[in-house]
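Here is what each chain is made of, one letter per residue.
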Amino acid sequence: MKQEMLFSGIGGQGIMMLGEILCDAAVSAGYQVTFAPFYGQEKRGGRTMCHVVIADGMESPIISEAKVMLVMDEKSLKDYQGLMAPDGTLIVNSSMITLEPEACGESVKKVPFYELAAELGNTKTANMVALGYLMKFLPFLDIDAVEKEVERAFSAKPKVIPLNIKALRLGYEYAE
């Protein structure tokens with residue numbers, strides 16, 4: 001098994017945290033994982049992107065084609081949609097992306113991550129909503145294992161754990 005993924009957005013949207021939590025859950029499940037973060041040169045509002053590879057054995061940290069791609073902003077969509085695998089799934093944050101993706105991948109999923117997070121009262125949880133939704137496309141990982149990693153990731157701020165768990169579950173249960 002090998003799953004190549006790309007996640008991108010604007011600095012501050014929690015893309016790196018989303019990737020790290022996913023990687024930690026995959027390691028806990030016994031998979032080999034590579035995580036390659038990339039940061040824009042801007043101090044604030046720059047683009048962030050990470051490549052994540054989850055596999056049965058050691059793999060290159062740089063993806064060749066993303067089987068699953070999550071983009072949170074239009075610039076990321078424009079720049080990275082060409083890296084989609086022909087049979088891949090592109091997940092776009094319809095809260096911030098109005099641009100129609102070019103023909104790429106097998107399916108395109110448009111999800112209003114910010115609106116869903118706003119329903120919980122805090123748009124900062126949009127990354128956890130996105131992570132929950134992303135889990136639908138990673139059947140080799142259990143959502144409960146990811147929930148444990150969310151708890152661990154926020155252990156220094158225990159008051160925000162319940163909200164982030166709700167956001168994760170909201171994304172996982174979201175039906176387009």
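No experiment lies behind these values; they were computed from the predicted model shown.

A.B. asks: Before we go on, may I ask you to explain the packing of aromatic side chains in this structure?
C.D. replies: Two aromatic rings are characterised by how far apart their centres lie and by the angle between their planes. Scanning all chains against the criterion turns up 4 aromatic pairs. Aromatic side chains Y31 and F140 sit 5.4 Å apart centroid to centroid with 70° between the ring planes, which places their arrangement in the edge-to-face category. You can see Y31 sitting in the loop between α1 (15–28) and β2 (32–39) and its partner F140 sitting in the loop between α4 (126–134) and α5 (143–153), a full 109 residues away along the chain. As far as the burial class goes, Y31 and F140 line up, both buried.

A.B. asks: What is the right way to look at the pattern of salt bridges in this model?
C.D. replies: Side-chain pairing between opposite charges can occur once the charged atoms of the two side chains come close. All told, the structure shown has 9 salt bridges when counted by the stated rule. Between R47 and D79 there is a salt bridge, with its nearest N and O atoms 2.6 Å apart. Of the two residues, R47 sits in strand β3 (residues 47–55) while D79 sits in helix α2 (residues 74–80), which places them 32 residues apart along the sequence. On the basis of relative accessible area, R47 is assigned to the buried category, the value being 19%. In this structure, D144 engages R169 in a salt bridge whose closest nitrogen and oxygen atoms are separated by 2.5 Å. In this pair, D144 sits in helix α5 while R169 sits in helix α6 (residues 161–173), placing the two residues 25 residues apart along the sequence. For R169, a relative accessible area of 23% translates into the label partly exposed.

A.B. asks: Sorry, what's going on with the sheet that holds strand β5 (residues 84–93) here?
C.D. replies: An order of β2-β3-β1-β4-β5-β6 is seen for the 6 strands of this open sheet, with the pairing classed as mixed. Both outer strands of the open sheet, β2 and β6 (107–111), are each paired with one neighbouring strand and no more. Strand-to-strand twist in this sheet, taken as the mean axis angle between neighbours without regard to direction, amounts to 15°. Bridge analysis of β5 against β6 gives 5 bridges, and the strand direction is parallel. Opposite N93, over in β6, you have V111 as the bridge partner. Contacting β1 (2–10), β2, β3 and β4 (66–71), α1 crosses the sheet at an angle of about 170° to β2.

A.B. asks: Is there a simple way to explain α5 in this structure?
C.D. replies: In an α-helix, one turn spans 3.6 residues; hence positions three or four apart end up facing the same way. Among all positions of α5, only I143, V146, E147, E149 and V150 are buried. Projected onto a plane normal to the axis of α5, the buried residues spread over an arc of 160° and lie on a single side. In the core, the buried residues of α5 are packed alongside α1, α4 and α6. The backbone nitrogen of D144 lies 3.2 Å from a side-chain oxygen of the residue at the head of α5, namely D142.

A.B. asks: Sorry if this is basic, but what is going on with the packing of α1 against α4 here?
C.D. replies: In a pair of packed helices, the angle between the axes and the distance between the axes together describe the arrangement. The interhelical angle for the contact between α1 and α4, taken along N-to-C directions, is 40°, at an axis separation of 9 Å. Viewed along their axes, α1 and α4 adopt a mutual orientation that is oblique. Crossing handedness for the pair α1 and α4: right-handed. Counting all contacts with α1, which are made through M17, L18, I21 and L22, the residues of α4 involved are N127, M128, A130, L131 and L134. Class assignment of the residues belonging to the contact of α1 with α4 gives a composition of 8 nonpolar, 1 polar and no charged.

A.B. asks: Explanation requested: the side chain of S76 in the structure shown.
C.D. replies: Relative to the elements of secondary structure, S76 occurs in helix α2. Setting aside residues no more than four positions away along its own chain, S76 makes contact with S8, G9, R47, V71 and Q81.

A.B. asks: What should I look at first to understand the nonpolar core in this one?
C.D. replies: Most often, soluble globular proteins keep nonpolar side chains buried together rather than apart. With 42 residues, the main nonpolar core has F7, L22, F113 and L131 as its most contacted residues. Put simply, the parts of the chain that give this core at least two residues each are β1, α1, β3, β4, α3 (113–119), α4, α5 and α6. Look past the residues within four positions of L131 in its chain and what remains in contact with it is L18, I21, L22, V146, V150 and L168. The next biggest cluster of nonpolar side chains, apart from the first, holds 13 residues, and it includes V71, Y80, V92 and I97.

Rules used throughout
Residues numbered from 1 in each chain as written. Predicted model: local features only at pLDDT ≥ 70, side-chain atom pairs only at ≥ 80, totals over all residues. Heavy atoms only, no water. Phe/Tyr/Trp six-rings, centres within 6.5 Å; stacked < 30°, edge-to-face > 60°. Helix = DSSP H or I, 4+ residues; strand = E, 2+ residues; numbered from the N terminus. Buried < 20%, exposed > 50% of the residue type's maximum accessible area, 1.4 Å probe, protein only. Salt bridge = Lys/Arg side-chain N within 4 Å of Asp/Glu carboxyl O. Pairing = 2+ DSSP bridges. Axes fitted to C-alpha atoms, helices over the stretch in contact; angles between N-to-C directions. Contact = heavy atoms within 4.5 Å. Arc of directions from axis to C-beta. Polar contact = N/O pair within 3.5 Å; in protein donor to acceptor, adjacent residues only side chain to side chain. Parallel < 35°, antiparallel > 145°, perpendicular 65-115°, else oblique. Left-handed = near helix turned anticlockwise from the far one by under 90°. Nonpolar A, V, L, I, M, F, W, Y, C, P; charged D, E, K, R; others polar. Core = buried A, V, L, I, M, F, W, Y, C linked by side-chain atoms within 4.5 Å.

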